[in-house]
Amino acid sequence: MRPENQSSVSEFLLLGLPILPEQQGMFFLLFLGMYLTTVLGNLLIVLLIQLDSRLHTPMYFFLSHLALTDISFSSVTVPKMLMNMQTQHLSIPYEGCISQTYFFIFFADLDSFLITSMAYDRYVAICHPLHYTTIMRQSLCVMLVAGSWVIACACALLHTLLLARLSFCADHMLPHFFCDLGTLLKLSCSDTSLNQLVIFTAGLMAIMLPFLCILVSYGHIGVTIFQVPSTKGICKALSTCGSHLSVVTLYYGAIIGLYFLPSSSNTNDKNIIASVIYTVVTPMLNPFIYSLRNKDMKGTLRKLLS
């Protein structure tokens, strides 16, 4: 980074959630409970999958990676938010803010790619059941996960390098509970046109393209289901895909509403609420969605408890 492009601020101030000071204690306990639920619930999913050999299938292989990603995704933002709420020490170092932005983008994109891989797995299982074991072999599953890691890492690194070249001259107060890329760009006194272009193109690749792939997969699944006039077959297919569809709706609904739909100038509070949904609420709900709607997971849990 050239000297003239280095930031003139050494830290940022995270203003946090738009809540009243007297409500800080209540919201601290609420988000602490949600974070602990996220960590313990997703760790339980990983444990159940590892303990039961019946769950050593492609679907649960992707699910275990998604659970670990959700833990990491929440851990990037929530602990710092909780510390700020408890201590009222709102500052975050410049280097820490850039690092938080990198890991936030990395795990958000990784979540997107893993959910897409799970959609492809469901597509093969329902539309090509006789060739499922041939298509979804272990090498393909490993390649899909490894590819997700590499692409997510590249996207996050590109955004971070472009962010690090910007200058932040005076205002260093972030009206958010974490170092959001879009919020940081608004504070920069440099030309951010290249950053905005990369956000648009990388967002299409990392968010919208996977989302379209999921829609196409479930379109084929829907056609296949209703071509078979069996009520039992329809119920089985819906129970298999219902959990994944719930996660897709929560995750992509919040992200698309936040980053891709036009908004008015006075929507910062709504943007923060949408960010809370996909960074805190969705990772917390995933263990409940996948365990309560899945008889194999419930059977393994009962076996473990007994």
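Computed from a predicted model, the values in this text were never measured in an experiment. Position numbers for residues start from 1 in each chain and track the written sequence from start to end. It should be noted that, the model being predicted, local features are given only for residues of pLDDT at least 70 and side-chain atom pairs only at 80 or more, the latter also being counted only at that level, while totals for whole chains, interfaces and linings use all residues. For side-chain calculations, the full set of non-hydrogen atoms in the structure is used, while hydrogens and water are omitted.

(A) Focus on the overall build of the chain. Helix numbering and strand numbering both begin at the N terminus, where a helix is a DSSP run of H or I of at least 4 residues and a strand a DSSP run of E of at least 2. Across its full length, the chain holds ten helices and three strands. Listing the helices and strands of the chain from first to last along the sequence gives β-α-α-β-α-α-α-β-α-α-α-α-α. Exposure categories follow from relative accessible area, calculated using a 1.4 Å probe and restricted to protein chains: below 20% of the type maximum is buried, above 50% is exposed, and the middle band is partly exposed. When burial is assessed residue by residue, the chain has 49% of its 306 residues classed as buried. Any two residues whose heavy atoms approach within 4.5 Å are treated as being in contact. By sequence separation, contacts in the chain at least 24 residues apart represent 80% of the contacts at least 6 residues apart.

(B) Quick peek at the environment of cysteine 155. Considering the arrangement of structural elements, one finds cysteine 155 in helix H5 (residues 138-164). Relative accessible area serves as the criterion here: at 6%, cysteine 155 is assigned to the buried category. Beyond its immediate chain neighbours, meaning those up to four positions away, cysteine 155 contacts Asp109 and Met205.

(C) Expanded view of the sheet that holds strand E1 (residues 11-14). At least two bridges found by DSSP between two strands is the condition for calling them paired. Spatially, the three strands line up as an open sheet ordered E2-E1-E3, and their pairing is mixed. Both outer strands of the open sheet, strand E2 (91-93) and strand E3 (173-174), are each paired with one neighbouring strand and no more. Two elements, E1 and E3, share two bridges in a ladder whose sense is parallel. For leucine 13, the partnering residue across the bridge sits in E3 and is methionine 173. Axes, fitted as lines to C-alpha atoms, cover a helix only where it is in contact. Angles between the N-to-C directions of the axes lie from 0 to 180 degrees. Against the sheet, helix H3 (residues 94-127) engages E1, E2 and E3, with an angle of about 85 degrees to E2.

(D) Inspection of the UniProt feature "transmembrane region" (unreviewed entry) in the chain at higher detail. Cross-referencing UniProt, the feature "transmembrane region" (unreviewed entry) maps to residues 26-49, 61-82, 102-120, 140-164, 197-216, 237-260 and 272-292 in the present numbering. The span residues 140-164 is 100% helical and 0% strand by assignment, and the distance between its end C-alpha atoms comes to 36 Å. Strand forms 0% of residues 197-216 and helix 100%; the C-alpha atoms that close the span are 27 Å apart. UniProt positions are given in the numbering used here, feature names are shortened, and annotations may be inferred rather than shown by experiment.

(E) Seen up close, the nonpolar core. Counting 90 residues, the largest nonpolar core has Phe12, Phe168 and Tyr252 as its most contacted members. The leading source of residues in this core is H3, at 18 residues. As used here, the term nonpolar core means buried Ala, Val, Leu, Ile, Met, Phe, Trp, Tyr and Cys residues forming a set that is joined through side-chain atoms within 4.5 Å.

(F) Highlighting the side chain of threonine 69. Its place among the elements puts threonine 69 in helix H2 (residues 58-87). Owing to a relative accessible area of 3%, threonine 69 belongs among the buried residues under this scheme. Contacts described as polar in this section are N or O atom pairs within 3.5 Å, which, within protein, must combine one atom able to donate a hydrogen with one able to accept it, while residues neighboring in sequence count only if both atoms come from side chains. A polar contact is formed between the side chain of threonine 69 and the backbone oxygen of histidine 65, at a distance of 2.8 Å. Contact partners of threonine 69, with chain neighbours within four places excluded, come to Phe107, Leu110, Asp111 and Leu114.

(G) Broad picture of the packing of H3 against H5. Orientation of H3 relative to H5, taken along the N-to-C sense of each, is 150 degrees, at an axis distance of 8 Å. The angle between H3 and H5 places the two elements in the roughly antiparallel class. Seen from above, H3 lies across H5 with right-handed handedness. Residues are grouped as follows: Ala, Val, Leu, Ile, Met, Phe, Trp, Tyr, Cys and Pro are nonpolar; Asp, Glu, Lys and Arg are charged; all remaining types, including Gly, are polar. Of the residues contributing to the contact of H3 with H5, the split by class is 21 nonpolar, five polar and one charged. Note on terminology: angles under 35 degrees are roughly parallel, angles over 145 are roughly antiparallel, angles of 65 to 115 are roughly perpendicular, and the others are oblique. Two helices that cross are described as forming a left-handed crossing if the nearer one is turned anticlockwise from the farther one by less than a right angle, and a right-handed crossing if clockwise.

(H) Up close: the packing of H2 against H5. Axis separation between H2 and H5 bottoms out at 10 Å; the angle between their running directions is 25 degrees. Relative to H5, H2 is oriented roughly parallel. Seen along the crossing, H2 lies across H5 with a hand that is right-handed. Along the contact surface, H2 presents Pro58, Phe61, Phe62 and His65, while H5 presents Cys141, Val142, Leu144 and Val145. When its residues are assigned to classes, the contact of H2 with H5 shows seven nonpolar, one polar and no charged.

(I) Representation of the state of the cysteines in the model. We call a pair of cysteine sulfur atoms a disulfide whenever their separation is within 2.5 Å. By the definition in use, this model includes one disulfide. Distance from the sulfur of cysteine 153, which forms no disulfide, to the nearest cysteine sulfur (cysteine 155) is 9.4 Å.

(J) Looking closely at the pattern of salt bridges. For this analysis, a salt bridge means a side-chain nitrogen from Lys or Arg found within 4 Å of a carboxyl oxygen belonging to Asp or Glu. A full pass over the atoms with the stated rule returns two salt bridges. Aspartate 52 serves as the salt-bridge partner of arginine 54, at 2.9 Å between the closest nitrogen and oxygen. The exposed category is assigned to arginine 54, whose relative accessible area is 56%. The salt bridge partner of arginine 122 is aspartate 121, with a shortest N-O separation of 2.6 Å.

(K) Spatial organisation of the side chain of serine 112. Looking at where serine 112 falls in the secondary structure, it is placed in helix H3. In this structure serine 112 comes out as buried when scored by relative accessible area, which is 0%. With near-sequence residues (within four places) excluded, serine 112 lies in contact with Ala206, Ile207, Pro210, Tyr251 and Tyr252.

(L) Summary view of the packing of aromatic side chains. Any two rings among Phe, Tyr and Trp, with Trp reduced to its six-membered ring, count as a pair given centres within 6.5 Å; such a pair is stacked if its planes are under 30 degrees apart, edge-to-face if over 60, and tilted if neither. Applying the stated criterion across every chain, the model contains 17 aromatic pairs. Here the aromatic rings of phenylalanine 12 and phenylalanine 168 are separated by 5.3 Å at their centres, their planes lie at 90 degrees, and the arrangement is edge-to-face. Taken as a pair, phenylalanine 12 in strand E1 and phenylalanine 168 in the loop between H5 and E3 lie far apart in primary sequence, 156 residues in all. Given the relative accessible area of 0%, phenylalanine 12 is considered buried.

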